Amino acid sequence: MKETVWKWTARSAGAAILSGLALTGSAFAQDAGEVAAYVDNSYLFLISGMVVMFMAAGFCMLEVGLVRSKNAATQSVKNIMIYSVAGIMVYLVGYHLIYPAGDWMIPGVLAGFNVWSEGDRAALSDAGYAPASDWYFQMVFVATAASVVSGTVAERVKLLPFMIFTAVLTGFIYPIQASWQWGGGWLSELGFSDFAGSTLVHSTGGWAALVGAIILGPRAGKYVDGKVNPMPGSNIPLAALGTFILWLGWFGFNGGSQLAAGTAEDINAVSIIFANTNLAAAGGVVAAAILTPIFFKKMDPTIVMNGAIGGLVAITAEPLAPALWESILIGAVGGAIIVFFVPLLDKLKIDDVVGAIPAHLVAGIFGTLVVAWNGGDIVAQATGVVAIGAFVIVTSAVTWLLLKFTIGIRCSEEEEMEGIDKVELGLEAYPEFSK
């Protein structure tokens, strides 16, 4: 009897629901579609954000592999701290500076300083995705820019001033210039285009790294009597692992920047972005592998690895519009940039330990300008490159110099020779091997 009643009740309820749907079917379908798109868009941010977060491990492994063993532990802890400091600073001030939501102190240039608020947890955001998913996605981007600086100034910078600089970069320098484009600021109105951040992320980190390297000066013994003394990294296989992790992370970096996955058109776009991103990296590797034996007599594995990164950075400004063959060419130029600019920095006595300046700054500039190949405005692109470069150079220089003349930014030559691991941390990454 109970079973019969339950079945009747269930059938009656189902009939009532179907009857209601027949009367309001189009409205129901529309609401269901909106919710489904909302969920898909939010998942794109969340999954892509997790993949981009894994890039922090990639930077860590790459840097640890390319520094000498006596500094490996310091690079490890620096990268963990970078990610942590970036997260807190983006929460405190950075996110609202990037996305002012109409709250501009100086319209189009400088937003108001407010802490990010998650809003109503139960409501659907008008933006079409969960607000916290976008916050998380943007936060991992900010951490990426700071990681660029870490490798360049490695092996001679003190840990505390570096972390203070990281806080300034992730809380203020990066967010302000990013708002000019992604926050609807003056560069956006000008027609500047930077899909996933060749300039806004990578060149910004590259400019900050360049200024830091110049103010810090080269490592002791790097340039002596007009000669460049090579200082090989401690673990090339680990650097290769870092390269592969970064390569993987770029699919979230570029693919997630489509910002939507709720329609067939959006998911097709994400797929094209994946393919273009992958081929650009491949083009960068092959170009570097071909050119290094020509100019250096032997293939240089560190330059070949950075060739992948140069290709990835180059395609980041516009990974959707190019044809697949165009992506290979764009990536190949990014790889060639590494080959030519690594020795140029040495001639200028600018000590970039991991080659981040050519890979992120120079390839980022190229990638931003080459957007004009697929319909971008070259004047707007060049304006963005120059404006952001000038802003980051000035603000980074002020920050580095303030730190230099207050708490100091560089280890002594004696400490540098002993190794920063012992000086800053009191331990070594590979104690058994050093003994």
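Report on the accompanying structure. (Residues numbered from 1 in each chain as written. Predicted model: local features only at pLDDT ≥ 70, side-chain atom pairs only at ≥ 80, totals over all residues. Heavy atoms only, no water.)

1. Things to note about the overall build of the protein chain
In terms of regular secondary structure, the protein chain is built from 15 helices and four strands. Computed over its C-alpha atoms, the radius of gyration of the protein chain comes to 24 Å, within 12% of the 22 Å expected for a compact globule of 435 residues. Each principal axis of the C-alpha distribution contributes one length, and for the protein chain these read about 95 × 50 × 45 Å. Out of the 435 residues in the protein chain, the part that is buried amounts to 51%. The long-range share in the protein chain, meaning contacts at least 24 apart out of those at least 6 apart in sequence, stands at 79%. (Helix = DSSP H or I, 4+ residues; strand = E, 2+ residues; numbered from the N terminus. Rg over C-alpha atoms; globule rule 2.2 N^0.38 Å. Buried < 20%, exposed > 50% of the residue type's maximum accessible area, 1.4 Å probe, protein only. Contact = heavy atoms within 4.5 Å.)

2. Points about the side chain of Asn306
Within the element layout of this structure, Asn306 appears in helix α9 (residues 301–316). A residue is classified by how much of its surface remains accessible, and Asn306, at 6% relative accessible area, is buried. Leaving out residues up to four positions away in the same chain, Asn306 has contacts with Ile338, Val354, Gly355 and Ala359.

3. Brief notes about helix α11 (residues 356–369)
An ideal rise of 1.5 Å per residue puts 20 Å on 14 residues; α11 measures up with 19 Å between its terminal C-alpha atoms. In α11, a bend of some 30° at Ala363 exceeds every other bend along the element. Listed as buried for α11 are Ala356, Ile357, Pro358, Ala359, His360, Leu361, Val362, Ala363, Gly364, Gly367 and Thr368. (Expected span 1.5 Å × (residues − 1). Bend = angle between axes of the 7 residues up to and from the residue.)

4. Concerning the pattern of salt bridges
Evaluated as defined, the whole model comprises four salt bridges. Of the charged contacts in the structure, one is a salt bridge between Glu155 and Arg68, with a shortest N-O distance of 3.1 Å. One end of the pair, Glu155, is in the loop between α3 (131–152) and α4 (159–179); the other, Arg68, is in the loop between α1 (2–66) and α2 (72–98), with 87 residues separating them in the sequence. Classification of Arg68 as buried rests on a relative accessible area of 18%. Notably, a salt bridge pairs Arg219 with Glu155, separated by 2.4 Å at the nearest N-O pair. (Salt bridge = Lys/Arg side-chain N within 4 Å of Asp/Glu carboxyl O.)

5. Looking at the nonpolar core
Of all hydrophobic cores here, the largest spans 99 residues; its most connected members are Phe141, Val149, Phe162, Tyr174, Trp250, Phe253 and Trp400. The element best represented in this core is α3, accounting for 12 residues. Setting aside chain neighbours within four positions, we find Phe162 in contact with Lys78, Ile82, Ala146, Val149, Ser150, Val153, Val157 and Trp400. Counting residues in hydrophobic clusters, the runner-up holds five residues, among them Ala314, Ile315, Ile330 and Val370. (Core = buried A, V, L, I, M, F, W, Y, C linked by side-chain atoms within 4.5 Å.)

6. Here's the deal with the environment of Cys411
Considering the arrangement of structural elements, one finds Cys411 in the loop between α12 (378–404) and α13 (413–418). Linking Cys411 and Tyr43, residues 368 residues apart in sequence, is a C-alpha distance of 44 Å. The residues contacting Cys411, other than those within four sequence positions of it, are Arg156, Val157, Lys158, Ile420 and Glu424.

7. With respect to helix α10 (residues 324–347)
When the terminal C-alpha atoms of α10 are compared, their 36 Å separation across 24 residues agrees well with the 34 Å that a helix rising 1.5 Å per residue should span. Of all bends in α10, the biggest is about 25°, found at Phe341, and the proline Pro343 comes one to four residues later. Those residues of α10 lying buried are Glu326, Ser327, Ile330, Gly331, Gly334, Gly335, Ala336, Ile337, Ile338, Val339 and Leu345. Residues of α10 that are buried make contact with β3 (223–224), α8 (264–296), α9 and α11. Once α10 finishes, Lys349 follows within two positions and takes phi at roughly 60°, a positive value.

8. Some details on the side chain of His202
Following the sequence through the fold, His202 ends up in helix α6 (residues 198–216). Here the side chain of His202 touches His360 through a polar contact of 3.0 Å, side chain to side chain. Filtering out sequence-adjacent residues up to four positions away, His202 remains in contact with Thr144, Gly197, Trp250, Phe253, Val313, Thr316, His360 and Leu361. (Polar contact = N/O pair within 3.5 Å; in protein donor to acceptor, adjacent residues only side chain to side chain.)

9. Details of unusual backbone geometry
Phi at Leu259 takes a positive value of approximately 70°, unusual for a residue other than glycine. Along the chain, Leu259 turns up in the loop between α7 (236–255) and α8. With a relative accessible area of 43%, Leu259 lands in the partly exposed category. In this structure, Lys297 is a non-glycine residue whose phi angle is positive, near 75°. The residue Lys297 is located in the loop between α8 and α9 in this model. Judged by its relative accessible area of 76%, Lys297 is exposed.

10. What to know about the packing of α8 against α9
The N-to-C vectors of α8 and α9 enclose an angle of 140°; their axes lie 7 Å apart at closest approach. Relative to α9, α8 is oriented oblique. Regarding α8 and α9, the two cross each other, and that crossing is right-handed. Facing α8, whose interface residues are Asn276, Thr277, Ala280, Ala281, Gly284, Val285, Ala288, Ala289, Thr292 and Phe296, α9 presents Ile303, Val304, Gly307, Ala308, Gly311, Leu312 and Ile315. Its residues assigned to classes, the contact of α8 with α9 shows 11 nonpolar, six polar and no charged. (Axes fitted to C-alpha atoms, helices over the stretch in contact; angles between N-to-C directions. Parallel < 35°, antiparallel > 145°, perpendicular 65-115°, else oblique. Left-handed = near helix turned anticlockwise from the far one by under 90°. Nonpolar A, V, L, I, M, F, W, Y, C, P; charged D, E, K, R; others polar.)

11. Remarks on a nonpolar patch on the surface
Taken together, the side chains of Val286, Ile290, Ile294, Phe295, Phe296, Phe340, Phe341, Leu344 and Leu348 define a hydrophobic patch exposed on the protein surface, amounting to about 840 Å² of accessible area. Every element with two or more residues in the nonpolar patch is listed here: α8 and α10. It is α8 that contributes the most residues to the nonpolar patch, five residues altogether. Considering the arrangement of structural elements, one finds Leu348 in the loop between α10 and α11. (Patch = residues over 30% accessible without salt bridge, like charges linked within 9 Å, V, L, I, M, F, W, Y side chains within 5 Å. Areas by Shrake-Rupley, 256 points an atom, 1.4 Å probe, with all protein chains shown as cover.)

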